[in-house]
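Analysis of the macromolecular model
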Amino acid sequence: MRRMLVWLMLTLLPAAVFAAEPWQKLSNPSVAEAARLFKSPPPEYGVILWWGWDGDVDEAIIKRDLDNIKAHGFTQVMIEAGYNMPGGYLTDGWFNRVALAVKEAKARGMRVWVEDEGKYPSGFAGGR
């Protein structure tokens, strides 16, 4: 029990204390609030689409994909590093594309998450 309490404090407390944005804070909406927001939830409560980046993902593709994803009702995306990306995973080019995706998603009222896998096998960050 003590270990569980320590784990909860170390895991949840920093997230609650250091959250920079309202959508990053832990919340416990009331039943009335959840019902009110059910049909049109804020982006952070919406469905996340796994967004695989394979090949040469450039600005035009990022904008096109986000428009299409948003048009299908998704409010969040999870970027998954793909194969055959110029420059590769975790390079300056990768981070520039992620920054562009975040900027473009924000302009559409969407949220972005990044999967830290770098393809199979899991957890090897693309072999790095």
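These notes cover the structure that comes with them.

Some details on the overall build of the chain
Counting its regular elements, the chain contains four helices and three strands. Across the chain, helices and strands are ordered from the amino to the carboxyl terminus as α-α-β-α-β-α-β. The buried share of the chain, taken over its 128 residues, is 31%. For the chain, restricting intrachain contacts to residue pairs at least 6 apart in sequence, the fraction spanning at least 24 positions comes to 74%. A total of about 9,100 Å² of accessible surface is found on the chain, and carbon and sulfur atoms cover 61% of it.

Comments concerning the packing of helix α3 (residues 59-71) against helix α4 (residues 92-107)
At their nearest, the axes of α3 and α4 sit 10 Å apart, and the two run at 35 degrees to each other. Relative to α4, the crossing made by α3 is right-handed. Of the residues in α4, those in contact with Glu59, Ile62, Lys63 and Leu66 of α3 are Arg97, Leu100, Ala101, Glu104 and Ala105. When its residues are assigned to classes, the contact of α3 with α4 shows five nonpolar, no polar and four charged.

A short note on α4
Its 16 residues place the ends of α4 23 Å apart at the C-alpha level, agreeing with the 22 Å of an ideal helix rising 1.5 Å per residue. What α4 keeps buried is the set Trp94, Arg97, Val98, Leu100, Ala101, Glu104 and Ala105. The arc enclosing the buried residues of α4, seen along the axis, measures out at 160 degrees, which places them on a common side. Away from the buried face of α4 by more than 90 degrees, exposed residues Asp92, Asn96, Lys103, Lys106 and Ala107 are located. Where the residues of α4 are buried, they touch β1 (48-53), α3, β2 (76-81) and β3 (111-114). Positive backbone phi, at 70 degrees, marks glycine 109, one or two positions downstream of α4.

Observations regarding the sheet that holds β1
Strand order in this open sheet of three strands is β1-β2-β3, and the pairing throughout is parallel. Here the strands that pair on one side only, and so sit at the sheet edges, are β1 and β3. When the angles between neighbouring strand axes are averaged without regard to direction, this sheet yields 30 degrees. Here four bridges tie β2 to β3, and the two strands are oriented parallel to one another. Within the sheet, the bridge partner assigned to glutamine 76 lies in β3 and is arginine 111. Running at roughly 155 degrees to β1, α3 makes contact with β1 and β2 of the sheet.

Some thoughts on α3
For α3, which comprises 13 residues, the first-to-last C-alpha distance of 18 Å matches the rise-based estimate of 18 Å (1.5 Å per residue) to within 8%. Of the surrounding elements, those touching the buried residues of α3 are β1, β2 and α4. Looking at where α3 begins, the residue whose side-chain oxygen comes 3.3 Å from the main-chain nitrogen of alanine 60 is aspartate 58. Glycine 73 lies just past α3 and shows a positive phi near 95 degrees.

Here's the deal with the pattern of salt bridges
Following the criterion strictly, the structure yields five salt bridges and no others. The partner of lysine 63 in a salt bridge is glutamate 59, with the nearest N and O atoms 3.0 Å apart. Residue lysine 63 and its partner glutamate 59 are located together in helix α3, separated by four residues, close to a single helical turn. We classify lysine 63 as partly exposed; its relative accessible area is 30%. Residues arginine 108 and glutamate 104 are paired through a salt bridge, measuring 2.8 Å at the closest nitrogen-oxygen approach. Residues arginine 108 and glutamate 104 agree in their burial class; the two are buried. A single network of salt bridges, built from pairs that share partners, joins Asp67, Glu104 and Arg108.

Criteria and thresholds
Residues numbered from 1 in each chain as written. Predicted model: local features only at pLDDT ≥ 70, side-chain atom pairs only at ≥ 80, totals over all residues. Heavy atoms only, no water. Helix = DSSP H or I, 4+ residues; strand = E, 2+ residues; numbered from the N terminus. Buried < 20%, exposed > 50% of the residue type's maximum accessible area, 1.4 Å probe, protein only. Contact = heavy atoms within 4.5 Å. Areas by Shrake-Rupley, 256 points an atom, 1.4 Å probe, with all protein chains shown as cover. Axes fitted to C-alpha atoms, helices over the stretch in contact; angles between N-to-C directions. Left-handed = near helix turned anticlockwise from the far one by under 90°. Nonpolar A, V, L, I, M, F, W, Y, C, P; charged D, E, K, R; others polar. Expected span 1.5 Å × (residues − 1). Arc of directions from axis to C-beta. Pairing = 2+ DSSP bridges. Polar contact = N/O pair within 3.5 Å; in protein donor to acceptor, adjacent residues only side chain to side chain. Salt bridge = Lys/Arg side-chain N within 4 Å of Asp/Glu carboxyl O.

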